[in-house]
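# Fold and geometry: a report
One letter stands for each residue in the lines below.
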Amino acid sequence: ALLAVAGALPGAFAGAEILKMMDEAVVRTIMLVGVPVMALVVAFKRDTPARPREMTRGIYALCFLIGMGCGFYDGFFGPGAGTLMIMLFTWAAGMDMVTASGTAKPVNLASNLAALTSFLISGDVLFRLAAPAIVCSIAGGWAGSKLAMRIGARLIRYVMLGVLVLLVARLAYEWLVAA
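Throughout this document, residue positions are counted from 1 along each chain, in the order its sequence is written. In keeping with the predicted nature of the model, local features appear solely for residues at pLDDT of at least 70, side-chain atom pairs appear and are counted solely at 80 or more, and the whole-chain, interface and lining totals rest on all residues. Note: side-chain values were computed over all heavy atoms of the structure, leaving out hydrogens and water.

### Remarks on the packing of helix α3 (residues 57-76) against helix α4 (residues 81-91)
The following threshold applies: To obtain each axis, a line is fitted to C-alpha atoms, and for helices this fit is confined to the stretch in contact; angles are then taken between N-to-C directions over 0 to 180 degrees. Under the scheme used here, helices are H or I runs from DSSP no shorter than 4 residues and strands are E runs no shorter than 2 residues, and both carry numbers assigned from the N terminus. Here roughly perpendicular refers to angles of 65 to 115 degrees, roughly parallel to angles under 35, roughly antiparallel to angles over 145, and oblique to all remaining angles. Each crossing gets its handedness from the near helix: less than a right angle anticlockwise from the far helix is left-handed, clockwise is right-handed. Contacts: residue pairs with any heavy atoms within 4.5 Å of one another. Under the convention adopted here, Pro, Cys and the residues Ala, Val, Leu, Ile, Met, Phe, Trp and Tyr are nonpolar, Asp, Glu, Lys and Arg are charged, and Gly plus all remaining residues are polar.
Viewed as axis vectors pointing N to C, α3 and α4 meet at an angle of 160 degrees, and their least axial separation amounts to 9 Å. With respect to α4, the axis of α3 lies roughly antiparallel. Viewed along their axes, α3 and α4 form a crossing whose handedness is right-handed. Only Ala-81, Leu-84, Met-85, Leu-88 and Phe-89 of α4 make contact with α3, whose side of the interface consists of Cys-63, Ile-66, Cys-70, Tyr-73 and Asp-74. Of the residues in the contact of α3 with α4, the class split is nine nonpolar, no polar and one charged.

Encoded structure:
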């Protein structure tokens, strides 16, 4: 997790900086294509092996790269970054689903803080919306982690898929309204 955090910090800041330069219509189009692809991968992926892989230097380096790439994604897009981290920690680094989910939490926090720093510097934060969202996010994260530890990987997969389906629906709705 610490190596992934080290990668997520510069990745997320860079993603946020690049996002501020892009046209909003282009960003929405990219998300409208990318998020359904992620949802399909989660829906149809094979279960992870019963035994996680041994952590080697190569896996540690991979975790740094996962943190940097997912950090960039989080700074640029935001929604679905935690899901993407869990998928990559599971498939690429060979972690079990619960460990991947737990590892993704500090990485996601770091990438959120790095992107927030970028948006604070440019004055692009609506504090009236951010404050209640923070409270709800903390409460949801606490409740979700308790459920994940009690129920396990099956719950995590269903929640990931549900979040992606809702995100696709919202993006499609916004795309249709804008058209």
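Having put the structure on the table, let's press on.
### Re the pattern of salt bridges
Inclusion rule: Counted as salt bridges are all cases of a side-chain nitrogen of Lys or Arg within 4 Å of a carboxyl oxygen of Asp or Glu.
All chains considered together, the criterion is met by two salt bridges. Residue Glu-17 is joined to Lys-20 by a salt bridge in which the shortest nitrogen-to-oxygen separation is 3.0 Å. In this pair, Glu-17 and Lys-20 both sit in helix α1 (residues 2-21), three residues apart, roughly one turn of the helix. Residue Glu-174 pairs with Arg-170 through a salt bridge whose shortest N-O separation is 3.1 Å. Here Glu-174 pairs with Arg-170, and both are found in helix α7 (residues 153-178), just four residues apart, close to one helical turn.

### Describing the packing of aromatic side chains
The cut-off we apply is this: Two rings from Phe, Tyr or Trp (for Trp, the six-membered ring) form a pair when their centres sit within 6.5 Å of each other. Planes less than 30 degrees apart are called stacked, planes more than 60 degrees apart edge-to-face, and all others tilted. The cut-offs for exposure are 20% and 50% of the maximum accessible area for each residue type, with area from a 1.4 Å probe on protein chains only; residues under the lower value are buried, those over the upper are exposed, and the others partly exposed.
Under the counting rule described, the total for this entry stands at three aromatic pairs. Seen from their ring centres, Tyr-73 and Phe-77 are 5.0 Å apart, and the 50 degrees between their planes marks the pair as tilted. The same class applies to Tyr-73 as to Phe-77, namely buried. With 4.7 Å between their ring centres and 80 degrees between their planes, Phe-76 and Phe-77 make a pair best called edge-to-face.

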